[in-house]
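# Structural features, examined
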Amino acid sequence: MTQPETLTGILTSDGRIDKVLAEETGLSRERVKALIGDGAVTVGSAVAKSASAKVSSGLAYSVALPSPVPLAAEPQDIPLSVVFEDEHLIVVDKPAGLVVHPAAGNPDGTLVNALLHHCAGHLSGIGGVARPGIVHRIDKDTSGLLVVAKSDAAHEGLAKQFADHSIHRRYLSVTGGQPNPAEGTITGRLGRSNSNRKKMAVLPDTSSRGKHAVTHYRTVRRLNHAALVECRLETGRTHQVRVHLASIGHALLGDPAYGRTPAPLRPILKELGFARQALHAATLGFVHPVTGADCGFESELPCDMAELIDKLAR
């Protein structure tokens, strides 16, 4: 097992402890903050309590780095559709059916396993996280675009953009029935369902649980007992599109958790063998966290959804 490491030295500048120590040690500010929270940072003769505390040059510091946690995930040679890649990040077009990261029930064969092989281990392990590089997720049976961090700087920058909701995400979905009105905004707190902890639900606005969530939707095309609906996410909560559309009576076709397929459409889904929620992450846009360049990516509808739409349009 790798032995823990301790970084020591003398501060050469004044200012906030997280900023000063990041400059002294080469660690990221987020990493320094996490270590302060763990009680692993000493400045002068005192254990640091707050990342925003001011420190002065000339003080001795000590930062105890915990032993790296071995990754449970192993590199696996799984084909990837790479849309963009540089030294800091990689954008992939994930097929439906591929789990993003290892977990109980899916110990391998995941996107993380594939990325560990493709990137030869160069994925951000910020904070000792066991899910290297992952700053956001899409469900196993949702297809489309996903950005993954290869450097800690990219990880921090992308995480900040997701936190302040400045990431542009557009999803295409096929709903049961046709939303009325044809476009609008769905707002509602999302949290774990009281009746089924494996599912999310729209909670009362007065609830102390859950998180504020906003989805803007627009009907792109009316279909037979269905519709092609575009969703723009203002927030990014677990199962947000699936739960929000189900909450207005128009669950995604093929969604096993949040809706039933309208009876007239069941033979069509059976004929096509369509057995996943009809949801595709079609657009992803963000500011490159290192270069500052505007990045925008598009993904065409996968064959199974295109075939479903074609069939429903007849």
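This write-up is about the structure you can find in this document. (Residues numbered from 1 in each chain as written. Predicted model: local features only at pLDDT ≥ 70, side-chain atom pairs only at ≥ 80, totals over all residues. Heavy atoms only, no water.)

### Overview of the side chain of S173
Inspection of the secondary structure puts S173 in strand β10 (residues 168-176). According to the relative accessible area criterion, S173 is buried, its value standing at 0%. Every residue in contact with S173, bar those within four places of it in the chain, is listed here: A227, L228, V229, C231, L245, L252, A278, L279 and M305. (Helix = DSSP H or I, 4+ residues; strand = E, 2+ residues; numbered from the N terminus. Buried < 20%, exposed > 50% of the residue type's maximum accessible area, 1.4 Å probe, protein only. Contact = heavy atoms within 4.5 Å.)

### Here we look at the nonpolar core
Core analysis: the largest hydrophobic core is formed by 27 residues, its most contacted members being L111, L115, L146, V148, Y171, C231 and V241. If you list the elements that add at least two residues to this core, you get β8 (89-94), α3 (111-118), β9 (143-149), β15 (226-233), α5 (240-247) and β16 (279-287). Setting aside residues no more than four positions away along its own chain, Y171 makes contact with I138, T142, V229, E230, C231, L233, V241, L279, H280, A281 and A282. Residues L27, V32, V43 and L65 belong to the second largest nonpolar core, which totals 19 residues. (Core = buried A, V, L, I, M, F, W, Y, C linked by side-chain atoms within 4.5 Å.)

### Overview of the packing of aromatic side chains
Scanning all chains against the criterion turns up two aromatic pairs. Centre to centre, the rings of F286 and F297 are 6.0 Å apart; their planes meet at 40 degrees, and the pair counts as tilted. Pair noted here: F286 is in strand β16 and F297 is in strand β17 (residues 294-298), with a separation of eleven residues, a long-range link. Pair check on accessibility: F286 and F297 agree, each one buried. (Phe/Tyr/Trp six-rings, centres within 6.5 Å; stacked < 30°, edge-to-face > 60°.)

### Details of the packing of helix α1 (residues 17-25) against helix α2 (residues 29-37)
α2 packs onto α1 with a crossing angle of 115 degrees between their chain directions and a minimal axis gap of 9 Å. Helix-helix and strand crossings are classified by hand; for α1 and α2 the assignment is right-handed. The segment α1 lies against α2, with I17, D18, K19, L21 and A22 engaging R29, V32, K33 and I36. A breakdown of the residues in the contact of α1 with α2 according to their chemical character gives five nonpolar, no polar and four charged. (Axes fitted to C-alpha atoms, helices over the stretch in contact; angles between N-to-C directions. Left-handed = near helix turned anticlockwise from the far one by under 90°. Nonpolar A, V, L, I, M, F, W, Y, C, P; charged D, E, K, R; others polar.)

### Quick look at α1
Within the sequence span of α1, burial applies to I17, D18, V20, L21 and A22. Next to the buried residues of α1 lie β2 (15-16), α2, β3 (41-43), β5 (54-55) and β6 (60-65). Looking one or two residues beyond α1, the residue adopting positive phi is G26, at roughly 85 degrees.

### Brief notes about the pairing of strand β7 (residues 82-85)
Two elements, β7 and β8, share three bridges in a ladder whose sense is antiparallel. Residue pairing for β8: V82 is matched across the bridge by V92. Hairpin connection between β7 and β8: a loop of three residues separates the two successive antiparallel strands. (Pairing = 2+ DSSP bridges.)

### Considering the layout of surface pockets
What the largest pocket holds in volume is close to 1,400 Å³. Lining the largest pocket are 43 residues, with R137, I138, D139, T238 and H239 positioned closest to its centre. Mapped by element, the contributors of at least two residues to the lining of the largest pocket are α4 (152-163), β10, β12 (189-192) and α5. Among the elements that take part in the lining of the largest pocket, α5 stands out by supplying three residues, more than any other. (1 Å grid on protein atoms, 1.4 Å probe; cavity = no way out; pocket = protein on both sides within 12 Å on 5 of 7 lines; lining within 4 Å. Points joined across faces, edges and corners; volume = space filled by probe spheres on them.)

### A closer look at unusual backbone geometry
Following N180, the chain continues into P181 via a peptide bond in cis, with omega recorded as 10 degrees. Mapped onto the fold, P181 is located in the loop between β10 and β11 (183-187). Backbone geometry at H165 places phi at a positive 60 degrees, although glycine is not the residue there.

### A look at the pattern of salt bridges
Across all of its chains, the model carries 15 salt bridges by this definition. Among the ionic pairs, R170 bridges to E230, the shortest N-O distance being 3.3 Å. Of this pair, R170 sits in strand β10 while E230 sits in strand β15, and the two are 60 residues apart along the sequence. Both residues of the pair, R170 and E230, belong to the buried class. Three or more residues are tied together by salt bridges with common partners; here these are R16, D18, R29, E30 and K33. (Salt bridge = Lys/Arg side-chain N within 4 Å of Asp/Glu carboxyl O.)

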